Amino acid sequence: MSTNMNFDIVIIGAGPAGMAFACMLADSGLSIVIVEKQSLQQVAEPAVDGRDIAMTHQSLDILSRLGIWQRFGEENISPIREARVVDGDSPYSLNFDTSGDADEALGFLVANHRIRKAVYEQTIEHSHIKLLTDTEVTHVSTDVQKGYVTLANGDMIESSLVIAADTRFSASRRIMGISADMLDFGRSAIVCEMQHELPHNNVAFECFHYGRTLAILPMPGNISSAVITVPNQMAERISAMDKTEFSADIENRLQHQLGKMKLVTKRFTYPLVAVHAKRFYSQRFALIGDAAVGMHPVTAHGYNLGLSGAEILSSEIINAINKQKDFGSDAVLQAYNFKHQQTTLPMFHGTNSVVGLFTNDSFPATLARKAVLRLSNNLPPIKWAIKRKLMDKHPLPMLPVPPVLGKLPGLKTLFG
Ligand SMILES: Cc1cc2nc3c(=O)[nH]c(=O)nc-3n(C[C@H](O)[C@H](O)[C@H](O)COP(=O)(O)OP(=O)(O)OC[C@H]3O[C@@H](n4cnc5c(N)ncnc54)[C@H](O)[C@@H]3O)c2cc1C
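Scoring rules and cut-offs
- Sequence order as written defines the numbering, with residues in each chain counted from 1.
- Reporting in this predicted model follows two pLDDT cut-offs: at least 70 for local features of residues, and 80 or more for side-chain atom pairs to be given and counted; totals over whole chains, interfaces and linings ignore these cut-offs and use all residues.
- Where side-chain values are given, they derive from all heavy atoms of the structure, hydrogens and water being excluded.
- Segments assigned H or I by DSSP are reported as helices when at least four residues long, segments assigned E as strands when at least two residues long, and all are numbered from the N terminus.
- What a helix is expected to span follows from its residue count: subtract one and scale by 1.5 Å.
- Throughout this description, buried means an accessible area under 20% of the type-specific maximum (1.4 Å probe, protein chains only), exposed means over 50%, and partly exposed covers the range between.
- The criterion for a residue being near a molecule or strand is simple. One of its heavy atoms has to lie within 4 Å of it.
- Two N or O atoms form a polar contact when they lie within 3.5 Å of each other; inside protein one atom must be a possible hydrogen donor and the other a possible acceptor, and for residues adjacent in sequence the pair counts only when both atoms belong to side chains.
- As a working rule, the residues Ala, Val, Leu, Ile, Met, Phe, Trp, Tyr, Cys and Pro are called nonpolar, Asp, Glu, Lys and Arg charged, and the rest polar, with Gly in that last group.
- The rule for pairing is simple: two strands pair if DSSP sees at least two bridges between them.
- Every residue pair with non-hydrogen atoms within 4.5 Å of one another is taken to be in contact.
- In this analysis, axes come from line fits to C-alpha atoms, helices being fitted only over the stretch in contact, and the angle between any two N-to-C directions falls in the range 0 to 180 degrees.
- Each nonpolar core is a collection of buried residues, namely Ala, Val, Leu, Ile, Met, Phe, Trp, Tyr and Cys, held together in the definition by side-chain atoms within 4.5 Å.

(A) Seen up close, helix 8 (residues 302-322). Taking 1.5 Å per residue, 21 residues should reach 30 Å; helix 8 reaches 30 Å between its end C-alpha atoms and fits that length. For helix 8, the buried fraction is high: 16 of the 21 residues fall into the buried class. With its phi angle positive at about 55°, glutamine 324 sits one or two positions after the end of helix 8.

Set out below in structure tokens:
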């Protein structure tokens with residue numbers, strides 16, 4: 001016999017966005033249930049998935065306030081002190097560092113499985129948050145008063161608000177009739193960790209080679225995370241390459257800047273599909289995390305946007321509760337939608353333009369990207385603005401985009 005349960009909020013998906021959002025509401029007095037199709041073991045002890053996540057100062061601040069950052073352990077956090085962007089085989093690079101800044105890092109890298117584990121461990125500390133694992137959501141509907149979430153075993157959960165944090169391919173987003181812009185790049189990201197002979201000195205490299213891109217991100221010790229993006233038809237061959245041959249290839253592409261390199265993990269492949277929902281809410285229903293915006297990883301915004309969006313929505317909910325208003329009303333969800341879309345839309349389209357520019361090997365595009373790197377390097381206000389954007393340091397006075405630069409697609413993202 002099926003049962004009915006009642007909660008104030010149901011969250012679909014116990015990923016890093018869904019659980020962090022629940023933690024943000026832990027002291028609100030609301031009863032919250034998170035429904036996750038994976039097993040408790042998979043959520044509590046997340047497997048290594050090859051992703052190393054670059055986080056901004058804003059994410060550090062949010063996760064610290066939630067008590068999650070402290071759970072990573074200093075030894076597992078790697079600051080990025082300098083970033084170098086290289087085009088093709090040219091020795092010229094666009095450089096960002098922290099000189100002249102009070103901050104000691106442009107951003108911070110933490111392995112995704114550690115983030116997931118820390119968020120889980122913080123979530124289960126809160127008595128108002130219940131986690132239902134091994135439970136798949138199969139249907140969602142809402143009316144003026146309530147949301148109804150149907151589970152695979154036939155049980156139903158009623159609540160005042162349903163939150164979807166169920167991946168960029170969110171089934172509940174589709175069920176609720178919210179359309180999304182989806183861009184399949186026809187490319188895949190292969191991610192892995194490499195050990196190297198020379199210290200990385202906390203420098204990150206973004207190399208736009210012809211036909212593929214390579215990001216090398218400094219992890220604790222003499223280890224760097226490698227993110228290689230290639231057309232889908234090449235991905236299988238590169239993942240299956242002999243380890244020694246693969247390591248030598250990365251070493252060559254990095255022009256031996258880290259000395260001898262060695263593959264030390266499995267290679268994980270992710271298809272590159274970017275998604276932006278047209279709106280982030282419907283009646284008593286809201287999208288957060290990748291279900292709202294799933295970014296191309298090149299500008300490392302995905303989880304950072306997931307956290308900032310969750311913070312906007314949880315603040316709107318808490319404001320409504322403080323004013324004794326309906327926290328699941330359209331007014332609350334509209335405010336979230338308006339604020340978050342203002343940030344995500346320019347980033348989404350800007351990032352996709354950067355990807356387009358830096359993976360297009362036509363002569364005009366290669367000229368344009370060389371121009372972008374040189375202009376950005378040589379105009380201090382532009383460089384400063386890009387750096388602030390990368391670090392997500394607010395408030396950022398919005399610089400007007402000079403008309404010539406505005407035509408270079410890559411710069412749009414950086415000026416927001
Ligand atoms: C290669 C790569 C590199 C990246 N690098 C960065 C980076 O440097 N910086 C950055 O900020 N971001 C980065 N990201 C993005 C980041 O990983 C994601 O934004 C983040 O993991 C999204 O979290 P989420 O909780 O929204 O979704 P997910 O992690 O996808 O979790 C969704 C959860 O929902 C569950 N679920 C789905 N459907 C159902 C259902 N019907 N019923 C119950 N449960 C369900 C799933 O099992 C899953 O646990 C990267 C991504 C990739 C692929």
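(B) Spotlight on the site of the ligand. As a matter of local geometry, the ligand sits amid 31 residues, with Glu36, Arg51, Ala54, Asp290 and Tyr303 nearest to it. Measuring from an oxygen atom of the ligand, one finds a backbone N or O atom of tyrosine 303 at 2.8 Å. Between the ligand and the protein, one listed contact pairs an oxygen atom with a backbone N or O atom of asparagine 304 at 3.1 Å. For the shell around the ligand, the elements supplying multiple residues, two or more each, are helix 1 (16-24), strand 4 (52-55) and helix 8. Residues that form the shell around the ligand fall into these classes: 13 nonpolar, 10 polar and 8 charged.

(C) Structural context of the pairing of strand 14 (residues 180-196). Across 9 bridges, the pairing between strand 14 and strand 19 (residues 268-277) is antiparallel. Residue pairing across strands places alanine 189 opposite tyrosine 270, the latter belonging to strand 19. Relative to strand 17 (residues 223-231), strand 14 is paired through 9 bridges, and the arrangement is antiparallel. Bridging across to strand 17, serine 188 finds its partner in valine 230. As paired elements, strand 14 and strand 18 (residues 261-263) share 3 bridges and run antiparallel to each other. Directly across from methionine 194, in strand 18, lies its bridge partner leucine 263.

(D) Fine view of the side chain of serine 160. Tracing the backbone shows serine 160 in the loop between strand 12 (156-159) and strand 13 (161-164). Residue classification places serine 160 among the buried residues on the basis of a relative accessible area of 18%. Residues contacting serine 160, with those up to four places away along its chain left out, are Phe7, Asp8, Gln145, Arg284, Phe327 and Gly328.

(E) Here's a closer look at unusual backbone geometry. The backbone phi angle of aspartate 134 is positive, close to 55°, even though this residue is not glycine. Considering the arrangement of structural elements, one finds aspartate 134 in the loop between strand 9 (129-132) and strand 10 (137-142). Looking at aspartate 134, the relative accessible area reads 58%, which means it is exposed. Look at glutamine 255: it is not a glycine, yet its phi comes out positive at around 55°.

(F) A look at the sheet that holds strand 5 (residues 78-80). Here 3 strands make up an open sheet; going across it, the order is 4-8-5 and the pairing antiparallel. Two strands lie at the open edges of the sheet, namely strand 4 and strand 5, each paired on one side alone. On average, adjacent strands in this sheet sit at an angle of 30° to one another, irrespective of strand direction. Bridge analysis of strand 4 against strand 8 (residues 107-111) gives 4 bridges, and the strand direction is antiparallel. In the sheet register, aspartate 52 faces strand 8, and the bridge partner there is alanine 111.

(G) Spatial organisation of the sheet that holds strand 1 (residues 4-6). Overall, mixed pairing links the 4 strands, which are arranged 1-12-11-10 in an open sheet. The open sheet terminates on both sides in strands that have one partner only, identified here as strand 1 and strand 10. Shown here is a sheet whose adjacent strand axes are inclined to one another by a mean of 20°, direction ignored. Where strand 11 (residues 147-151) lies against strand 12, 4 bridges are found, and the strand directions are antiparallel.

(H) Geometry of the nonpolar core. Among the nonpolar cores identified, the biggest contains 96 residues, and Ile9, Phe72 and Ile317 are the most heavily contacted of them. A total of 8 residues in this core trace back to one element, the largest contributor, which is helix 8. Non-local contacts of phenylalanine 72, meaning those with residues more than four positions away in its chain, are made with Met55, Leu63, Ile77, Val110, Arg114, Ile115 and Ala118. Within the second largest apolar cluster, 20 residues are counted, among which are Cys207, Ile238, Phe246 and Leu254.

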